Amino acid sequence: MTDSNTPPEALTRPDGSPAKLLVVDDEDSLAHLLVEALAFQGYDVSVAQSGSAALEAVEEHDPDLVVLDVNLPDYDGFSVAGRLREAGKDVPIIFLTARSGTDDLRDGYDAGGDDYLTKPFRLEELSLRVAAVLRRTLAVSAAGREGDTVTVADLTLDLATHTVTRDGNTVELSPTEFRLLRYLAGQADRVVTRPELLKHVWGYHFEVETNLAETYIFYLRRKLEKLGPRIIHTVRGVGYMLRTPKDAKE
């Protein structure tokens with residue numbers, strides 16, 4: 001891992017205070033390095049070195065983002081993320097792991113992760129990804145409580161409660177799935193490209209090799225199509241479109 005001479009400026013909460021990060025890693029040297037680098041940027045950083053300590057730290061510190069190692073001495077990172085989501089905690093999570101297999105990626109995203117960084121990584125890349133996630137989630141936190149709803153066909157999104165129904169049936173979505181569906185619904189009947197999704201849903205304002213968009217489109221389809229016909233369609237070679245089933249042509 002190498003550091004950058006010009007790390008991204010730390011993002012702040014709506015009240016102007018530094019964003020709060022929780023670093024979870026049981027390797028002392030790496031945890032110290034991450035805390036030092038992120039604190040140097042201006043973030044308010046705390047650390048936990050086990051899954052159980054991470055769960056307690058989220059309750060105590062109410063972080064804006066968790067940098068979560070997968071291999072921990074008690075619960076693994078995926079289990080920690082799953083417990084947080086089951087407890088109603090929608091704090092963004094960036095996984096750190098040496099695992100890179102498809103099954104591992106799926107487990108991470110299924111657990112409610114927002115991003116996934118494979119070791120070894122550059123500190124600059126972690127800093128960029130932290131900033132990208134916070135840029136999006138802090139803005140949603142500040143502006144997303146107005147109580148509006150968005151409706152497309154039989155699909156309704158409540159922006160205040162982050163709940164989704166289809167034909168009157170509740171659809172359980174992770175925070176990332178909700179953000180993706182919200183963006184697609186807001187652009188209904190228009191093709192949305194992969195780079196556009198990465199920018200507006202994940203906050204990436206830079207080139208990045210990732211299958212996040214494809215993975216989460218698959219997850220959304222799997223959940224929505226249990227309750228009705230396909231509503232998210234692939235426009236081959238271009239991107240995706242959310243449109244009413246009666247107009248759909250694959």
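What you see is a predicted model; the values in this text were computed from it and never measured. (Residues numbered from 1 in each chain as written. Predicted model: local features only at pLDDT ≥ 70, side-chain atom pairs only at ≥ 80, totals over all residues. Heavy atoms only, no water.)

How should I be thinking about the packing of aromatic side chains in this particular structure?
Pairs of aromatic rings are described using the distance from one ring centre to the other and the angle between the two planes. A full pass over the atoms with the stated rule returns four aromatic pairs. Both rings, one in Phe218 and one in Tyr219, keep their centres 6.0 Å apart while their planes meet at 55°; by these two values the pair is tilted. Residue classification places Phe218 among the partly exposed positions, given a relative accessible area of 47%. The side chain of Arg83 reaches across the aromatic face of Tyr75, ending 3.9 Å from its centre. (Phe/Tyr/Trp six-rings, centres within 6.5 Å; stacked < 30°, edge-to-face > 60°. Buried < 20%, exposed > 50% of the residue type's maximum accessible area, 1.4 Å probe, protein only. Lys NZ or Arg CZ within 6 Å of the ring centre and 35° of its normal.)

Help me understand helix α3 (residues 77–86) in this model?
Most of α3 sits inside the fold, with seven of its 10 residues counted as buried. Of all the residues in α3, the buried ones are Gly77, Phe78, Val80, Ala81, Gly82, Leu84 and Arg85. N-cap assignment for α3: the residue whose side-chain oxygen lies 3.1 Å from the backbone N of Phe78 is Asp76. (Helix = DSSP H or I, 4+ residues; strand = E, 2+ residues; numbered from the N terminus. Polar contact = N/O pair within 3.5 Å; in protein donor to acceptor, adjacent residues only side chain to side chain.)

How should the pattern of salt bridges be read in this particular structure?
Side chains that differ in charge, positive against negative, can pair when their charged atoms come close. Enumeration according to the criterion identifies 14 salt bridges in this entry. Here Glu177 ties to Lys223 by a salt bridge, and the two come within 2.7 Å at their closest N and O atoms. Of this pair, Glu177 sits in helix α6 (residues 175–186) while Lys223 sits in helix α8 (residues 212–224), and the two are 46 residues apart along the sequence. Accessibility expressed as a relative area gives 24% for Lys223, which makes it partly exposed. We note a salt bridge from Glu196 to Arg190, for which the minimum N-O separation is 2.4 Å. In this structure Glu196 comes out as buried when scored by relative accessible area, which is 17%. Salt bridges linked by common partners bring Asp25, Asp69 and Lys119 together as one network. (Salt bridge = Lys/Arg side-chain N within 4 Å of Asp/Glu carboxyl O.)

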